[in-house]
Each structure stands twice: as structure tokens, then as C-alpha cells.
Amino acid sequence: MDLAELNKVANAMVAPGRGVLAADESAGTCKKRFDAIGVESTEENRRDYRELLFRSKGMANISGVILFDETIRQRAKDGTPLAKIIEQAGSLPGIKVDKGTKPIPFYPEEVITEGLDGLRERLVEYRGLGAMFCKWRAVIDIGPGIPSYYCVKANADALARYAALCQDENLVPIVEPEVLMDGDHDIDRCYQITELALKALFHELYLARVKLEGMVLKPNMVVPGKKSAKQASVDEVAEKTLRVLKECVPAAVPGIAFLSGGQSDLDATARLNAMNRMGGGPWKITFSYSRALQAAPQKAWSGKVENVPAAQAAFTHRAAMNGLASMGKWSPELEKKAA
Ligand code: 13P
């Protein structure tokens, strides 16, 4: 392991004004997104859509792109590997390496993320294909009687085993313990479960001897459930999210890059901005969004070649707004002026 190199890559991923584009939707998730815009989810359509993002000006605000197995092997229309196009745009290619979730026996409604078997060999291959970092997502749901501590601990253990393997193969692990925002729970319950998940995670990372200087944390923000009767202000989300992170995340971690998790584009930008405006923490705070970066360009594109410039403009706009938010320099006025 070359910790200095891992630290350099991790710092580049969270450099001010930039953040990560999560473009690692599995074929199933991609089909869901394409169905919503009336586009058939063929390998070529998935390639064309992602190519338009990677060739847009918005890449100036994108430090790294998380790819799916299919995408890191794909070539653009002109034959250039998509990973090369990302590099040429001054960004780092990364790869999702988990294999999705499976139900945990005897723990109804709870899941464990799989993908550790054969992981070292896959990491070696992905490095050869250009990957500089990886992602593994654990999913913790909130509901009546859940999450169980067993689920939280098993997922934290898998994340730590994944992160150690990545570092041993000189790849920066993005460590993602996602507490879902489904459900009707309030913001304080989200706080409590996020705290539990992060405390358990950093304990397991310590036991696995993961070097915190060589990783990026990808957490959820502390938000009320989507169906909660009591929604929260931008400042309340920012304050509570910062507080839980300061309680749980050691200063040695170079950066925190949030998932959007189903927040609106504007909420995801405004809340990130508020955290940085409030002074942030000992780590950099930025984005690693999928939906909150891609909803607008997907809609603008709708599978039509003639819409490519409009889709690229929509992506460039959202990437720029989130780039400003990563420095606490975004405002609703700028959002309107730039639109
Ligand atoms: P969302 O921003 O859509 O939550 O996706 C981020 C991600 O990569 C989840 O693993």
C-alpha cells in the first residue's frame, strides 16, 4: 500500500469546487431511470447517455466519476474508452464494486451488501482498466423495530473488509453507509441511526486497520423521512448533519462526499452549501450525487440526439451549482442568474 498516493487521490476527490459524479447505476436502476423518460435501456443508449455527460463542460466541477462494471469496459462512439474520456476531462475514474444487497435471514426488512468473494481479483482488474477509487454502499433502513444492531454491525464489518482490500490494492475506498430517507420518522431518529451507523463503522475500520487518510466517507445527510409530517429547514439539516459528523468522523479522514438519497436537486445543493457556509469541519465537505446531478440532464436528453446540447447544459449547471456549494459560495440568486 502506498498511503501517500492514496491520500493524494482522496484529497483530489474532495478538492474545493469539485465533487464526485455517481454514474454507477446498475442495469436495473438505469432501466428505472430510462423508463421515466421513455428511453429503452439498451447498452448503446446507456453508453450514449453517459458519454454525453463525460464530454460536457460540467466535468470541470467533477473530481471523479463512479462507474458501473459495464461502463468501465465501454468505448465511446469514436472508440475511446469512456474511462479515458473521464481522464482527459481532468477527472478520476472510479468503480462500484459491491454486488448489491440481499435480505438478512431472520431479520425481516433488513439487508446486507454482498461482493467480498473474489473482490481482490476484481480490484486488480479494475485498476488495469483505469480505476483510481472504488465504492461500496451499505443500506440501513429505518422503520418500526429496525435497524437492528446486527444489521448495522454486519454492514459496517463488510464495509471495513472492502476498504482494507481496496487500500491493499492501492485504490481509495469510498465508504458509504447509507441511512435511507424512506419512511415517516423525524429528523432526530435519522440523527440517532446515522450516529449508530457511523460509530459502528469507524470501530470496524479501526479493527480492519484501514488508514483513514486514504479513504473518503460517503454518508447521508441527517434529514426527516420523506413521509414525515415534520420537514426540516435547510439550516436544521446542515446543523444536525455537521453535529453528527463531528461526533463520529475522525479528523484524519480527508473528505466527506454526500449521497443525495432522493432529496430534490435544490435541497441537495442548498444543504451542502449551508454546511460549508457554517464553517464545515476538519474534513472537506462535498457531493457524490447521482440523482441530484442527473435528474435534470436525463429529462432534457430524453434519448434524443438533438437534445444532447441541452442535456449537457443542464448537467453543467447542476455541477457548477454544487461546485459552489462545496465552498459555501452558492446562493438562490446565483442559481436563478445562472439558469
Ligand atoms: P444518490 O445521490 O442518487 O443517492 O446516489 C448516490 C449513490 O451513489 C448511491 O450509492
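Note: the structure precedes this text.
In this report, we go over the structure that sits alongside the text.

Conventions and cut-offs
- Along every chain, residues carry numbers that run from 1 in the direction the sequence is written.
- Where totals are concerned, whole chains, interfaces and linings use all residues; where local detail is concerned, this predicted model gives features only for residues with pLDDT of at least 70, and gives and counts side-chain atom pairs only at 80 or more.
- Computation of side-chain values: all heavy atoms of the structure, hydrogens and water removed.
- Note on conventions: DSSP H or I runs of at least 4 residues are helices, E runs of at least 2 residues are strands, and numbering of each starts at the N terminus.
- Atoms counted for the radius of gyration: C-alpha only. Globule rule: 2.2 Å times residue count to the power 0.38.
- Accessibility here uses a 1.4 Å probe with only protein chains present; expressed as a share of the type maximum, an area under 20% marks a residue as buried, one over 50% as exposed, and anything in between as partly exposed.
- Contact between two residues is taken to exist if any of their heavy atoms lie within 4.5 Å; hydrogens are not considered.
- For the area figures, the Shrake-Rupley method with a 1.4 Å probe applies, and any residue is considered shielded solely by the protein chains shown.
- Counted charges follow a simple rule, with Lys and Arg positive, Asp and Glu negative, and His plus the chain ends left uncounted.
- Taken as the charge location is NZ of Lys, CZ of Arg, CG of Asp or CD of Glu.
- Orientation is described by axes fitted as lines to C-alpha atoms, over the contacting stretch for helices, and by angles from 0 to 180 degrees between their N-to-C directions.
- If an angle is under 35 degrees, it is roughly parallel; if it is over 145, roughly antiparallel; if it lies from 65 to 115, roughly perpendicular; otherwise it is oblique.
- By convention, the crossing between two helices is left-handed when the near helix turns anticlockwise from the far helix through less than a right angle, and right-handed when the turn is clockwise.
- All amino acids are sorted into three groups, where Ala, Val, Leu, Ile, Met, Phe, Trp, Tyr, Cys and Pro are nonpolar, Asp, Glu, Lys and Arg are charged, and the leftover types, Gly among them, are polar.
- A side-chain nitrogen of Lys or Arg and a carboxyl oxygen of Asp or Glu constitute a salt bridge if their distance falls within 4 Å.
- At least two bridges found by DSSP between two strands are what make those strands a pair.
- Without a salt bridge and with relative accessible area above 30%, a residue can belong to a patch; like charges are then joined within 9 Å and nonpolar side chains (Val, Leu, Ile, Met, Phe, Trp, Tyr) within 5 Å.
- Distance and chemistry together define a polar contact, namely a pair of N or O atoms within 3.5 Å, with one atom able to donate a hydrogen and the other to accept it when in protein, and with adjacent residues in sequence counting only for side-chain atoms on both sides.
- Residues are counted as near a molecule or strand when any one of their heavy atoms sits within 4 Å of it.
- Note on ring pairs: Phe, Tyr and Trp rings are taken, using the six-membered ring of Trp, and paired if centres are within 6.5 Å. Classes follow the plane angle, with under 30 degrees stacked, over 60 edge-to-face and the rest tilted.

This brings us to the overall build of the protein chain. On a plain count of helices and strands, the protein chain comes out with 13 helices and 10 strands. Its C-alpha atoms give the protein chain a radius of gyration of 19 Å, near enough to 20 Å, the size a compact globule of 339 residues would have. If one aligns the C-alpha atoms of the protein chain with their principal axes, the spans along those axes are about 50 × 45 × 40 Å. In the protein chain, buried positions account for 56% of the 339 residues. Across the protein chain, every contact between residues at least 6 apart in sequence was considered, and the portion connecting residues at least 24 apart equals 78%. Roughly 14,100 Å² of accessible area belongs to the protein chain as shown, and the carbon and sulfur atoms make up 53% of that amount. Placing the 45 positive and 43 negative side-chain charges of the protein chain at their respective mean positions leaves the two points 3 Å apart.

The next thing to look at is the packing of helix α11 (residues 291-301) against helix α12 (residues 308-325). Running from N to C, α11 and α12 cross one another at 165°; their axes reach a closest spacing of 7 Å. Viewed along their axes, α11 and α12 adopt a mutual orientation that is roughly antiparallel. Between α11 and α12 the crossing geometry is right-handed. Here α11 contributes Ala292, Leu293, Ala296, Pro297, Ala300 and Trp301 to the contact with α12, which in turn contributes Val308, Ala310, Ala311, Ala314, Phe315, Arg318, Ala319 and Asn322. Here the contact of α11 with α12 is built from residues that sort into 12 nonpolar, one polar and one charged.

It is worth spelling out the packing of helix α7 (residues 149-168) against helix α8 (residues 187-207) at this point. Running from N to C, α7 and α8 point in directions that differ by 40°, and their axes come no closer than 8 Å. Comparing their axes, α8 and α7 come out oblique. Considering only the axes of α7 and α8, their crossing is right-handed. Along the contact surface, α7 presents Tyr149, Val152, Lys153, Ala156, Asp157, Leu159, Ala160 and Ala163, while α8 presents Leu196, Ala197, Ala200, Leu201, Glu204 and Leu205. Residue classes in the contact of α7 with α8 are distributed as 11 nonpolar, no polar and three charged.

Take the pattern of salt bridges next. In a structure, side chains of opposite charge can pair up when their charged atoms sit close to one another. Considering all chains together, one arrives at 26 salt bridges under this definition. Its salt-bridge partner being Glu178, residue Arg137 comes within 2.6 Å of it at the nearest N-O pair. Of this pair, Arg137 sits in strand β6 (residues 133-140) while Glu178 sits in strand β7 (residues 172-179); the two residues are 41 residues apart in sequence, bridging distant segments of the chain. It is possible to trace a salt-bridge network through shared partners that takes in Asp24, Lys96, Lys135, Arg137, Glu176 and Glu178.

Below, the discussion takes up the sheet that holds β7. Pairing between sheet strands relies on hydrogen bonds along the backbone, with the strands arranged either parallel or antiparallel. Within the closed barrel, the eight strands sit side by side as β1-β2-β3-β6-β7-β8-β9-β10. Their pairing is parallel. Pairing of strand β1 (residues 19-22) with strand β10 (residues 284-289), which is carried by two bridges, proceeds in the parallel orientation. The residue of β10 that forms the bridge with Val20 is Ser288.

Let's shift gears to a nonpolar patch on the surface. A cluster of nonpolar residues, Phe106, Tyr107 and Tyr150, forms a patch on the protein surface that exposes about 400 Å² of accessible area. By the element assignment, Tyr107 lies in the loop between β4 (101-103) and β5 (111-113). Tyr107 sits in the partly exposed class, given a relative accessible area of 31%.

Following the sequence through the fold, Thr113 ends up in strand β5. Looking at Thr113, its side chain comes within polar contact range of the main-chain oxygen of Arg137, at 2.7 Å. In this view, Thr113 contacts Asp98, Gly100, Thr101, Trp136, Arg137, Ala138, Val139, Asn155 and Ala158; residues no more than four positions away in its chain are not counted.

Quick look at the site of the ligand now. Taken together, 13 residues sit near the ligand, with Lys135, Lys218, Ser260, Gly261 and Arg291 positioned nearest. Within the side chain of Glu176, a nitrogen or oxygen atom sits 2.9 Å from an oxygen atom of the ligand. One nitrogen or oxygen atom from the side chain of Lys218 is found 2.6 Å from an oxygen atom belonging to the ligand. Across the complex, the protein chains shield 94% of the 300 Å² of accessible surface that the ligand would expose by itself. Elements with a contribution of two residues or more to the shell around the ligand: β6 and β10.

This part takes up the environment of Ile140. With respect to the helices, strands and loops of the structure, Ile140 is situated in strand β6. A sequence separation of 41 residues divides Ile140 from Met181, and the C-alpha atoms of the two residues are 9.7 Å apart. Every residue in contact with Ile140, bar those within four places of it in the chain, is listed here: Pro147, Cys151, Val152, Asn155, Glu178, Val179, Leu180 and Ile193.

The next point concerns the packing of aromatic side chains. If you walk through the whole model with that rule in mind, you get six aromatic pairs. With a centroid separation of 4.9 Å and an interplanar angle of 20°, the aromatic rings of Tyr107 and Tyr150 are classed as stacked. Placement of the pair is Tyr107 in the loop between β4 and β5 and Tyr150 in helix α7, with a sequence separation of 43 residues. The partly exposed category is assigned to Tyr150, whose relative accessible area is 46%. Look at Phe287 and Tyr289: their rings are 5.7 Å apart centre to centre, the planes differ by 40°, and that puts the pair in the tilted class. When sorted by exposure, Phe287 lands in the same class as Tyr289, which is buried.

Any functional reading would require information that these geometric values do not contain.
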